[in-house]
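Coordinate analysis (summary)
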Amino acid sequence: MVATMQSGALVSDSVVNEMVKERLSEADAARGFILDGFPRTLDQAENLGEWLKGRGIREVVIHLAVDYNVIIARLTGRRQCPRCGTLYNVSSHPPRVEGVCDLDGEALIVREDDKEAVIRGRLDAYERQTRPVLEYFRTAGRRVVEVDASTDSPEAVHRKICQMMESA
Ligand SMILES: [Zn+2]
């Protein structure tokens, strides 16, 4: 399995499902846990749902909705220093001199996974694989909390989530 992960190939749902359940069975998860970015496929969602039900665990699904144009603008605006690794953003956190690292003067680069075509590919994968998971939660009568995360700061989004969890 380690070999599969290192080769970059996608790990099958059944392997992921078993890993997640094993981890969630550990003592530190006994009073609750947050899963970020899981489940991503229908198979994972159904499998997890059965497992939670069997243990009487109630779940809340939090959907952070961000407009695709906002995602693309955020990610394509990222710049990184190839020498020290510092991250910048042309709109929200620009370097003092355009295209140059504040710390060491190195020319900033766009990382491969921040290129627009790569980002669009990931958004397509989300639409194909993960959007149906959200529909599944909705139609299965699960509690789904929708949070608009397009424009607010991370702190404001956190406050919104807490408020909606309290009223859910
Ligand atoms: Zn630097």
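Everything numeric in this text was worked out from a predicted model, so none of it was measured.

Before going further, it helps to examine the coordination of the zinc ion. Of the protein atoms, only C81 (SG), C84 (SG), C101 (SG), D104 (OD) and D104 (OD) coordinate the zinc ion, at distances of 2.3 to 2.6 Å. The sequence pattern formed by the donor residues of the zinc ion is C-x2-C-x16-C-x2-D. For C81, a relative accessible area of 1% gives the class buried.

Here we come to the pattern of salt bridges. Applying the stated criterion across every chain yields a total of 14 salt bridges. We note a salt bridge from K115 to E112, for which the minimum N-O separation is 3.2 Å. With a relative accessible area of 35%, K115 lands in the partly exposed category. Judged by relative accessible area, E112 falls into the exposed class, the value being 55%. In this structure, E116 and R120 form a salt bridge, with 2.9 Å as the shortest nitrogen-oxygen distance. One end of the pair is E116 and the other is R120, both in helix α5 (residues 116–139) and four residues apart, which spans about a single turn.

The omega torsion across F38 and P39 is 0°, close enough to zero to call that bond cis. Its place among the elements puts P39 in the loop between α2 (13–24) and α3 (42–54).

Further remarks concern the side chain of Q80. You can see Q80 is positioned in strand β2 (residues 78–80). Owing to a relative accessible area of 16%, Q80 belongs among the buried residues under this scheme. One polar contact links the side chain of Q80 to the main-chain carbonyl oxygen of G85, over a distance of 3.0 Å. If we ignore the near neighbours within four places in the chain, the residues touching Q80 are G85, T86, L87, L108, I109 and R111.

Let's shift gears to α2. Helix length check: α2, at twelve residues, gives a terminal C-alpha distance of 16 Å against a target of 16 Å (1.5 Å per residue), a fit within 8%. Residues V16, N17, V20, K21 and L24 constitute the buried set of α2. For α2, the buried positions fall inside an angular range of 130° around the axis, keeping them on one side. Looking at the packing, one finds that the buried side of α2 touches α3.

Once that is clear, we can look at the side chain of T130. Here T130 is to be found in helix α5. Residue T130 is classed as buried on the basis of its relative accessible area, which comes to 15%. Filtering out sequence-adjacent residues up to four positions away, T130 remains in contact with R40 and A125.

Moving on: a nonpolar patch on the surface. Residues I62, L64 and M165 make up a contiguous nonpolar surface patch of about 240 Å² in total accessible area. When you line up the elements, I62 lands in strand β1 (residues 60–65).

Here the focus is the nonpolar core. Residues V16, V20, L24, F38, L48, W51 and L52 constitute the largest nonpolar core, which totals seven residues. Elements with a minimum of two residues in this core: α2 and α3.

Tallied over the entire structure, the rule returns one cavity of 30 Å³ or more. As for the largest cavity, its lining consists of N17, V20, K21, F38, Q44, N47 and L48. Counting only elements with at least two residues in the lining of the largest cavity, the list comes to α2 and α3. Residue composition of the lining of the largest cavity, grouped by class: three nonpolar, three polar and one charged.

Pairs of packed helices are described in terms of their axes, by the angle between the two and the distance that separates them. The N-to-C vectors of α2 and α3 enclose an angle of 30°; their axes lie 10 Å apart at closest approach. Of the two possible hands of crossing, α2 and α3 adopt the one that is right-handed. Of the residues in α3, those in contact with D13, V16, N17, K21 and L24 of α2 are D43, Q44, N47, L48 and W51. Considered class by class, the residues forming the contact of α2 with α3 number four nonpolar, three polar and three charged.

What counts and what doesn't
Residues numbered from 1 in each chain as written. Predicted model: local features only at pLDDT ≥ 70, side-chain atom pairs only at ≥ 80, totals over all residues. Heavy atoms only, no water. Donors = N, O, S within 2.8 Å, 3.2 Å for Na, K, Ca; no water. Buried < 20%, exposed > 50% of the residue type's maximum accessible area, 1.4 Å probe, protein only. Salt bridge = Lys/Arg side-chain N within 4 Å of Asp/Glu carboxyl O. Helix = DSSP H or I, 4+ residues; strand = E, 2+ residues; numbered from the N terminus. Polar contact = N/O pair within 3.5 Å; in protein donor to acceptor, adjacent residues only side chain to side chain. Contact = heavy atoms within 4.5 Å. Expected span 1.5 Å × (residues − 1). Arc of directions from axis to C-beta. Patch = residues over 30% accessible without salt bridge, like charges linked within 9 Å, V, L, I, M, F, W, Y side chains within 5 Å. Areas by Shrake-Rupley, 256 points an atom, 1.4 Å probe, with all protein chains shown as cover. Core = buried A, V, L, I, M, F, W, Y, C linked by side-chain atoms within 4.5 Å. 1 Å grid on protein atoms, 1.4 Å probe; cavity = no way out; pocket = protein on both sides within 12 Å on 5 of 7 lines; lining within 4 Å. Points joined across faces, edges and corners; volume = space filled by probe spheres on them. Nonpolar A, V, L, I, M, F, W, Y, C, P; charged D, E, K, R; others polar. Axes fitted to C-alpha atoms, helices over the stretch in contact; angles between N-to-C directions. Left-handed = near helix turned anticlockwise from the far one by under 90°.

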